[in-house]
Amino acid sequence: MADSKYRKILFVCRGNTCRSPTAKAILRHLIQEREDRNGWEIESAGTDVYREGRPSSERGLQVLTKHGIASNHRARKVKEDDFRHFDVILAFDNGNVQDLNEIFRPNDGTTRAEVKLFGTYDPKGESNIDDPLFGDISDYEKMFDHVYRCCVEFLKHC
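Residues numbered from 1 in each chain as written. Predicted model: local features only at pLDDT ≥ 70, side-chain atom pairs only at ≥ 80, totals over all residues. Heavy atoms only, no water.

### A word on the overall build of the protein
Counted only if it meets this: For the purposes of this entry, the term helix denotes a DSSP run of H or I that reaches at least four residues, the term strand denotes a run of E that reaches at least two, and both are numbered from the N terminus. The contact criterion used throughout is that any non-hydrogen atoms of two residues lie within 4.5 Å. Counting rule for charge: Lys and Arg are taken as positive, Asp and Glu as negative, and neither His nor the chain ends is counted. Where a charge sits is defined by one atom per residue type, namely NZ (Lys), CZ (Arg), CG (Asp) or CD (Glu).
Of the regular secondary structure elements, the protein holds five helices and four strands. Reading the protein from its N end, one meets helices and strands in the order β-α-β-α-α-β-α-β-α. Each principal axis of the C-alpha distribution contributes one length, and for the protein these read about 45 × 40 × 30 Å. Look at the contacts in the protein between residues 6 or more apart in sequence, and 77% of them connect residues 24 or more apart. Within the protein, one finds 25 positive and 27 negative side-chain charges whose respective centroids are separated by 3 Å.

### A few points about the packing of helix α1 (residues 19–31) against helix α5 (residues 137–156)
Here is the rule: Note on geometry: axes are lines fitted to C-alpha atoms, helical ones only across the stretch in contact, with angles between N-to-C directions running from 0 to 180 degrees. Orientation labels follow simple angle bins: below 35 degrees gives roughly parallel, above 145 gives roughly antiparallel, 65 to 115 gives roughly perpendicular, and whatever is left gives oblique. By definition, turning the near helix anticlockwise from the far helix through less than a right angle yields a left-handed crossing, and turning it clockwise yields a right-handed one.
At a closest axis distance of 9 Å, the pairing of α1 and α5 adopts a crossing angle of 45°. It follows that α1 is oblique to α5 by the angle criterion. Judged by the sense of rotation from one axis to the other, the crossing of α1 with α5 is right-handed. Side by side, α1 and α5 meet where Arg19, Thr22, Ala23, Ile26, Leu27, Leu30 and Ile31 of the first sit next to Met143, Phe144, Val147, Tyr148, Cys151, Val152, Phe154 and Leu155 of the second.

### Some words on the UniProt feature "domain: Phosphotyrosine protein phosphatase I" (unreviewed entry) in the protein
Filter applied, for reference: UniProt positions are given in the numbering used here, feature names are shortened, and annotations may be inferred rather than shown by experiment.
In the UniProt entry, the feature "domain: Phosphotyrosine protein phosphatase I" (unreviewed entry) is given for residues 7–157. In the segment residues 7–157, helix accounts for 39% and strand for 13%; the C-alpha atoms at its two ends are 11 Å apart.

See below:
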């Protein structure tokens, strides 16, 4: 599937409270500046959501707010139907990719989503996007910058 067909995007990390909701918020923000802003669907989920229904991490929200980006995220777990609904599932590290392909992908031949490592879009070549959960605010800033770079580059292919 060519990148130009991606309009339904699912970001997936482990807990769905740091990286994937940040990417969802950034990409939604960037798309609002585009002429083709209609017809996009951007969501996020986690492979191991133990805080389902809870908002993004407080530090993640602080960083988004600092950069003028809003988020109204609630954590959820990835499900089989996501592979049928979304065009692409963008994962944040190799462990996420492996979990998605081995645990969550349905084996019934009905999938449409391509699973990709989101960091492959990083112009600096940093393919894994580190989880800042146990770090301080500077780790969230670093993650924000990394995700922002990847979102900008991803949109160049859409």
